[in-house]
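# Tertiary structure, described
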Amino acid sequence: MPLLWLFLIVLAIAAAGFVLGRGRALASAGGDARALHSLPGYYGWNVALKAMVPGFGLLIVWLLAQPLYVGSTVSSMIPDSAIKDGASRSLLMAEVRRTADGLDAAVAQDLITARDAADPDADIAALTDKLKEAGQIVTAEITQPVLTAAQRYRDLNAKGAFAMLIAVVAVALAGAFYGVNEARAEFRARNVVENGVRALLIAAASVAILTTLGIVLSLVFNTVEFFRLYPASNFFFGTSWAPSFSGRGGASDLGVLPLLWGTFYISIVALAVAVPIGLFAAIYLSEYAGPKVRAVAKPLLEVLAGIPTIVYGLFALLTVGPLLVSVFGDEGLGWMQAGTAVMTAGLVMGIMLIPFVSSLSDDIINAVPQAMRDGSYGLGATQSETIRQVVLPAALPGIVGAILLAASRAIGETMIVVLGAGAAARLSLNPFEAMTTVTAKIVSQLTGDADFASPEALVAFALGMTLFVLTLGLNVFALYIVRKYREQYE
Amino acid sequence: MTDASLNTPAHSGKQLSQADAHTKKRNAAEKRFRAYGLSAILIGLFFLVVLFTSIIRSGLPAFTRTVVDVEFTLTQEQFDAAEKELFKTKAYSNLFIAELQGKLGEKGVEVEFDEKAIERLLGKVGSTIREHYKENPDTLGAPVRFELAASSRVDGYFKGRVTRDTLQDSRFLQLSDLDLVDALEEAGVIKQAFNWTFITGTDSGVDNPGGAGIGASVVGSFFMMLVVLALSLPIGVAASIYLEEFAPQNKFTDLIEVNISNLAAVPSIVFGILGLAVFIQFMHLPQSAPLVGGLVLTLMTLPTIIISTRASLKSVPPSIREAALGVGASKMQTVFHHVLPLAMPGILTGTIIGLAQALGETAPLLLIGMVGFVARGYPEGFAQGFTEANSAMPAQIYTWAARADVSFYEKAWGGIIILLAFLLTMNIIAIILRRRFERRW
């Protein structure tokens, strides 16, 4: 693992630099630390930071840039004639990459020599057999352009890795050298180090922005790509969801409406379960329950929030589904065909959301000042009248915000619907029928066999975009309501 | 307190001590309202109880398996004779059957069976025995105890999943075999034993539910958590320190704050899309690798860790900072030497809870290829643990739940017990940390 080694080498350079820089600074002050501008350690840290930051920075940039450079170089050397009809350049590049990986693996297993793997005149049929022997998945036959490209790909990658090793070590050494050189008594090491650390802190804080940027860019690019292959109006207004499985596309119906309907229907069922139970639980806990009941019931309810969603998914599939079938199925009322249905997923999702609604509402109800309750009691209202006519109206914006947040949770929930809601996309009002949601289809479109460049796979990004916009919109709306209608109490 | 006001007459000319109709109505409404609240809590707790009983009831059988426990003696002559045969494993099987019949005869149990039945019950017994004696020739002549795992259908018969009524004769198990199973049970040869394979083993193929274990995916989860811990703790703490202690009030800080609070609410599947597009399609990191899973979960956990770290930094009183600044420490020294150590218990608690959340997260792992991958082996070394394809606990549970064979459901429930045990441990550690080290200012 050369990357790990490179990492350790840079760390070692930094450690050595620390000792050297510290020693040199002390020596320049004649061994008397009081004559230095900063504590001796800061001179060491100055050197270590100057070795590590450029070293690791270059490493990361290189790791990001090399695949791009190699990919575009190799891709540009494949002649247009080598691309089969219906296939795309990116598809061929994937094959090149697979072949190159296969060659690497075969060399690693000593099935072929490194020289054979790089031989441009190698016998293609024999090589394919060797690759298959090495357990590599290679498409039926490797063509000459693919092989040439794969060899070039390996060559460039090997050279790149070597160049990276040299460059990173050189930069780290240069930084360390520069830092050691700076280490003199009058050098303001602490100020420099503190500015450096501050810059690192800012960089860490910016990761959040980068993540959002990454999400938005990856969604937008692929969504645009999707709309190039599939008309946007059909996606947004199509009432039928029927992706073809041939992988070639063309005949697929990819309308988002049935999925959105399924999502909303399941979320509504979930909220119909979670909101009354959660709200009443919150009211009881904050207004009626004694400290002992509260100390037991509140954490127990919150356990429900800490359980992973896969557990709820399995619970829906294997416990709630069969239970509902036994009541509403053919042997009971005859409304339900199979265990996976809107009702199953909605019910279980509702259970999951109970603590979400209850603890948010609990906080909000507790924030209503006691003076308002006392005023109401003073006028002769009972406790429940006080709650209904004073406390709840005062807490309403917060409660609506909590419900909206719970709704955004419900819309984005994946595992419960993947396991419990079924796979059929339909526009129906019957809650005992199987329906599917945006999230479930993202999973099924991206984990299937469809080629990444086909509309069948790319539609998942458009669905992801829809989901992202929906949940973001709900969250922003929830915050807006809370801010706008919040009563300010002293 | 309110009773006094309730008993005051609403209308004049009525007895003070007697509640009139209106008051009665109001009191009844009060009682009803209270009952709604109580029943809401009880319903919530009822769901919790149902959830846990169904997990435990369905999951515990995964920890036991049905084994045939026989003491078997093979002499040197028998070994040589068997090795000379054309079908060597068949010879061993026959020896085993003879031995078993002897055992049953001793116990006075009469039952007819042949080699095919044994194969349906226990798989290829002959080859297991042969392999043992090939590897340990010195045990020849002495009694050796064999614990042979029964097939998953026999296992199901013992656990009540398969009954005589539901069983259909197939090449896997026939009705007559159950007579043999009953006879073996009567003789005390077949029994339930703790299933270590489930905990330490690796995933098996679709056709062998009995041999499936969760061990490899626990290792995969472990490597993923290492990545999450190594990245999200330093980045999260650094980001919180900047936002809480240094950030000026400006547009850039606002932008970061808005981003963090939005990321906390983004559905986890969207992070999976990000991982797929950026880490796998763009950077060409290996699919199904714990490294990629760890990176995605890091991005997902960061907001949680930042929010809890900021809360614990905020709880350190300003007097600490002022005292440090007063004796001449720089702002940076104040934070790193005084505020951070005092906030550490809170930060660690938040980190552990964030890790526990990440450990149970499944949806993003679906998209980066950790589901459907059959984790047949352990990684070869530490570095390979990060880059070699592996599964993770929740992904493994999903894989089992998605398989057609019902016997895998039991494994999925069992996996959930193990997953929840890990989560419980982590949360208990977090609570202990908080109780032990948290300071009230």
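Residues numbered from 1 in each chain as written. Chains lettered and ligands numbered in written order. Predicted model: local features only at pLDDT ≥ 70, side-chain atom pairs only at ≥ 80, totals over all residues.

Across its full length, chain A carries 17 helices and 2 strands. A globule of 490 residues ought to have a C-alpha radius of gyration of about 23 Å, yet chain A, at 31 Å, is considerably larger. By principal-axis analysis of the C-alpha atoms, chain A measures approximately 85 × 75 × 40 Å. Burial status across chain A gives 44% buried among its 490 residues. Long-range contacts, defined here as pairs at least 24 residues apart, represent 74% of the contacts in chain A between residues at least 6 apart. (Helix = DSSP H or I, 4+ residues; strand = E, 2+ residues; numbered from the N terminus. Rg over C-alpha atoms; globule rule 2.2 N^0.38 Å. Buried ≥ 20, exposed ≤ 12 C-beta atoms within 10 Å, placed from the backbone. Contact = placed C-beta atoms within 7 Å.)

This part takes up the overall build of chain B. Helix and strand counts for chain B come out as 19 helices and 3 strands. For chain B, the C-alpha radius of gyration of 32 Å lies well beyond 22 Å, the compact-globule estimate for 441 residues. A principal-axis box enclosing the C-alpha atoms of chain B has dimensions of 95 × 75 × 40 Å. With 441 residues in all, chain B has 41% of them scored as buried. Counting contacts in chain B only where the partners sit at least 6 residues apart, residues at least 24 apart contribute 75% of the total.

With that out of the way, let us pick up the environment of A:L429. Relative to the helices and strands, A:L429 is located in the loop between α15 (415-420) and α16 (438-447). Placed 167 residues apart in sequence, A:L429 and A:G262 show a C-alpha to C-alpha distance of 9.7 Å.

Here we take up the sheet that holds strand β1 (residues 64-73) of chain B. Residues and elements named next belong to chain B. The strand order across the open sheet formed by 3 strands is β2-β1-β3, and the pairing between neighbours is antiparallel. Each end of this open sheet is capped by a strand with a single partner; those strands are β2 (143-149) and β3 (190-194). In this sheet, neighbouring strand axes are inclined to one another by 45° on average, regardless of whether the strands run parallel or antiparallel. Across 5 bridges, β1 lies against β3 in antiparallel orientation. Its bridge partner being in β3, T66 is matched across the sheet by Q192. (Pairing = 2+ DSSP bridges. Axes fitted to C-alpha atoms, helices over the stretch in contact; angles between N-to-C directions.)

What follows concerns the domain arrangement of chain A. Accessible area lost during the coming together of the parts is what is often quoted as the interface size. Looking at the assigned domains, one finds that chain A contains domain 1 (2-187) and domain 2 (253-485). Domain 1 of chain A and domain 2 of chain A are separated by 47 Å when their C-alpha centres are compared. (Domains from an automatic or database assignment.)

Residue-level contacts link 72 residues of chain B with 70 residues of chain A. With 18 residues, the single largest contributor to the side of chain B that touches chain A is helix α2 (residues 21-59) of chain B. Taken together, the residues that form the side of chain B that touches chain A break down as 52 nonpolar, 16 polar and 4 charged. (Nonpolar A, V, L, I, M, F, W, Y, C, P; charged D, E, K, R; others polar.)

Compared with the 36 Å implied by 1.5 Å per residue over 25 residues, the 35 Å span of helix α12 (residues 342-366) of chain A between its first and last C-alpha is a close match. Counted residue by residue, α12(A) has 21 buried out of 25 residues, so it is predominantly covered. (Expected span 1.5 Å × (residues − 1).)

Residues and elements named next belong to chain A. Mapped onto the fold, A338 is located in the loop between α11 (309-328) and α12. Accessibility expressed as a C-beta count within 10 Å gives 16 for A338, which makes it partly exposed. With 94 residues separating them along the chain, A338 and F432 place their C-alpha atoms 8.4 Å apart.

What follows concerns the nonpolar core. Residues and elements named next belong to chain A. Membership of the largest hydrophobic core comes to 188 residues, with the highest contact counts inside it found for L314, V348 and A406. When residues of this core are assigned to their parent elements, the largest contribution, 18 residues, is made by helix α9 (residues 257-288). Setting aside residues up to four positions removed in sequence, V348 forms contacts with Y312, F315, A316, V320, I416 and G420. (Core = buried A, V, L, I, M, F, W, Y, C linked by C-beta atoms within 7 Å.)

So, about helix α14 (residues 383-412) of chain A. Look at α14(A): only 37 Å from first C-alpha to last across 30 residues, short of the 44 Å you get at 1.5 Å a residue. Where α14(A) bends most, at A:L396, the angle is about 60°, and the proline A:P397 comes one to four residues later. (Bend = angle between axes of the 7 residues up to and from the residue.)

Glancing now at the packing of α9(A) against α12(A). Residue and element names in this part refer to chain A. Running from amino to carboxyl end, α9 crosses α12 at an angle of 35°, the nearest separation of the two axes being 6 Å. Note that α9 runs across α12; the crossing there is right-handed. Across the contact of α9 with α12, the residue classes tally to 23 nonpolar, 7 polar and 1 charged. (Left-handed = near helix turned anticlockwise from the far one by under 90°.)

Turning next to the confidence of the model for chain B. Residue and element names in this part refer to chain B. Overall, the predicted model of chain B reaches an average pLDDT of 83, with 96% of residues at or above 70. When mean pLDDT is compared element by element in chain B, helix α14 (residues 318-326) scores highest at 94, while helix α1 (residues 2-6) scores lowest at 51. Across the interface, the model reports ipTM at 0.86; the global pTM reads 0.85. (pLDDT = per-residue confidence, 0-100.)

Moving on to the environment of A:W261. Residue and element names in this part refer to chain A. Along the polypeptide, W261 turns up in helix α9. Assessed through the 20 C-beta atoms surrounding it within 10 Å, W261 is described here as buried. Taking the C-alpha atoms as reference points, W261 and R426, separated by 165 residues in sequence, lie 8.2 Å from one another.

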